[in-house]
Amino acid sequence: MPRTLDPELRRALAARIRYYNEMGIYDFYRQPVSDRARQEQEVLLSTNQPESGEEMSPRKAAAGTVPVAEEDIFEAIALKPEQSVSDPAKALKIIREDLGDCTRCVLHKQGRKQIVFGVGNPKAELMFVGEGPGADEDAQGEPFVGRAGQLLNNMIKAMGIVREQVYIANIVKCRPPGNRTPERDECATCSPFLMRQIAVIKPKVIVALGAVAAKTLLAMSASMMQLRGRFYDFRPAGMGSNDPNWDGCKLAVTYHPAFLLRDPRQKGEAWKDLQMVMKELGMKAPAKAAE
Ligand code: URA
């Protein structure tokens, strides 16, 4: 049964969210609902169902809907601070400031030297998203500057463009210790900032590099073989764009450059993925790469 918020409760919540926004708080996290609380909600809802034909009084309706918000009022209402500026470079700066000296997940105390926010053209048509910073990126504060980064640069060059024309970011902005795969909760905590970056840049195409980026952005679990070879319609979660001309973009999945360094035989497959992206963007490969 679809459950909606009582309008009065919705207004009260909206006022409370605005109050927090004015104090500079924009990100809200849901507490997981325990099984017990869920059962209590079910009982409360079922005892407040009108008999067939009975009109539900506003008070009764409110009592029945109070604990559950199926629609995401926080996402629908909370305007992000960067949405009040039109210059994407300034908007990205605002997001970076909002991130601050982030301590939202455990990665902040597991040896990170600095936050690796993202780099490139704030108006890029093409955006690459990797997994998380490695040692070189942690040291330099920029994504994809190590060996995998050199390969990514070459992949970008093969497309007939240069690194400075695209935007590059990661799912998590702090280096996981020993380059381990970021945990799901770390990805979930960090990715709202990436979503905001995407909503500001408004790329035409995002290329997810590797399984972690693909699965996090698409919120689905599948093998790389299943994920590659097609476009997905992508809209940054929780972000309405303030630009009526941008309603999301296409997302393609390809192999992570670090994987290609370990298994160079897959480079041809990655090139096929990039050619699909180039076609979508109306790009022509330089004669040498085109073969
Ligand atoms: N691997 C990633 O996923 N991101 C980087 O920035 C570097 C290596």
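See the structure above.
Participant: Can you lay out the overall build of the protein chain for me, pointing to particular residues and giving the numbers?
Facilitator: If you tally the helices and strands in the protein chain, you get 13 helices and six strands. Restricting the contact set of the protein chain to residue pairs at least 6 apart, pairs at least 24 apart contribute 72%. Total accessible area on the protein chain stands at roughly 16200 Å², and carbon and sulfur atoms take up 50% of it.

Participant: Explain empty space enclosed by the protein to me, and be specific about the residues and the numbers.
Facilitator: Using the criterion set out here, one finds one cavity of 30 Å³ or more in the structure. In this structure, the largest cavity spans a volume of roughly 120 Å³. Around the largest cavity, the lining is made up of 14 residues, and of these C102, C105, K173, C174 and C190 lie nearest the centre. Residue contributions to the lining of the largest cavity peak at three residues, all from helix α8 (residues 184-201). Within the lining of the largest cavity, the residues separate by chemical class into nine nonpolar, two polar and three charged.

Participant: Mind laying out the site of the ligand, listing which residues take part and the relevant values?
Facilitator: Around the ligand sit G130, E131, G132, E137, P143, F144, N170 and H256, and those are all the residues in its vicinity. A distance of 2.9 Å is found between an oxygen atom of the ligand and a backbone nitrogen or oxygen belonging to F144. Considered on its own, the ligand offers 240 Å² of accessible surface; in the complex 91% of this is hidden by protein. The cavity where the ligand resides is the second largest pocket. Looking at side-chain class alone, the shell around the ligand contains two nonpolar, four polar and two charged residues.

Participant: If you had to explain the layout of surface pockets to someone new, which residues and values would you point to?
Facilitator: As a volume, the second largest pocket reaches approximately 590 Å³. G132, A148, N179, H256 and A258 are, among the 27 residues lining the second largest pocket, the residues nearest its centre. When residues of the lining of the second largest pocket are traced back to their parent elements, those giving at least two are α6 (135-140), α7 (147-158), α9 (211-218) and α11 (257-262). Broken down by element, the residue count for the lining of the second largest pocket peaks at four residues, all from α11.

Participant: An account of unusual backbone geometry is requested, with residue identities and associated values reported.
Facilitator: One non-glycine residue with positive phi stands out, namely F144, at about 50°. Secondary-structure assignment places F144 in the loop between α6 and α7. Judged by relative accessible area, F144 falls into the buried class, the value being 6%.

Participant: Lay out the packing of aromatic side chains in plain terms, naming residues and giving numbers.
Facilitator: How two aromatic rings sit relative to each other is set out by the distance from centre to centre and by the angle between their planes. Per the counting criterion, the structure on display carries one aromatic pair. Taking the centre distance of 5.0 Å and the plane angle of 35° together, the rings of Y255 and F259 count as tilted.

Participant: Describe the pairing of strand β3 (residues 167-170), with residues and values.
Facilitator: Burial along β3 is two-sided: the residues Y167 and A169 and I168 and N170 are all buried. By the bridge criterion, two bridges tie strand β1 (residues 119-120) to β3 in an arrangement that is antiparallel. Pairing of V119 across the sheet is with I168, part of β3. Where strand β2 (residues 126-130) and β3 come together, four bridges link them in parallel fashion. Counted as the bridge partner of F128 is I168 from β3.

Rules used in this analysis
Residues numbered from 1 in each chain as written. Predicted model: local features only at pLDDT ≥ 70, side-chain atom pairs only at ≥ 80, totals over all residues. Heavy atoms only, no water. Helix = DSSP H or I, 4+ residues; strand = E, 2+ residues; numbered from the N terminus. Contact = heavy atoms within 4.5 Å. Areas by Shrake-Rupley, 256 points an atom, 1.4 Å probe, with all protein chains shown as cover. 1 Å grid on protein atoms, 1.4 Å probe; cavity = no way out; pocket = protein on both sides within 12 Å on 5 of 7 lines; lining within 4 Å. Points joined across faces, edges and corners; volume = space filled by probe spheres on them. Nonpolar A, V, L, I, M, F, W, Y, C, P; charged D, E, K, R; others polar. Near = heavy atom within 4 Å. Polar contact = N/O pair within 3.5 Å; in protein donor to acceptor, adjacent residues only side chain to side chain. Sits in = over half its atoms within 2 Å of the grid points. Buried < 20%, exposed > 50% of the residue type's maximum accessible area, 1.4 Å probe, protein only. Phe/Tyr/Trp six-rings, centres within 6.5 Å; stacked < 30°, edge-to-face > 60°. Pairing = 2+ DSSP bridges.

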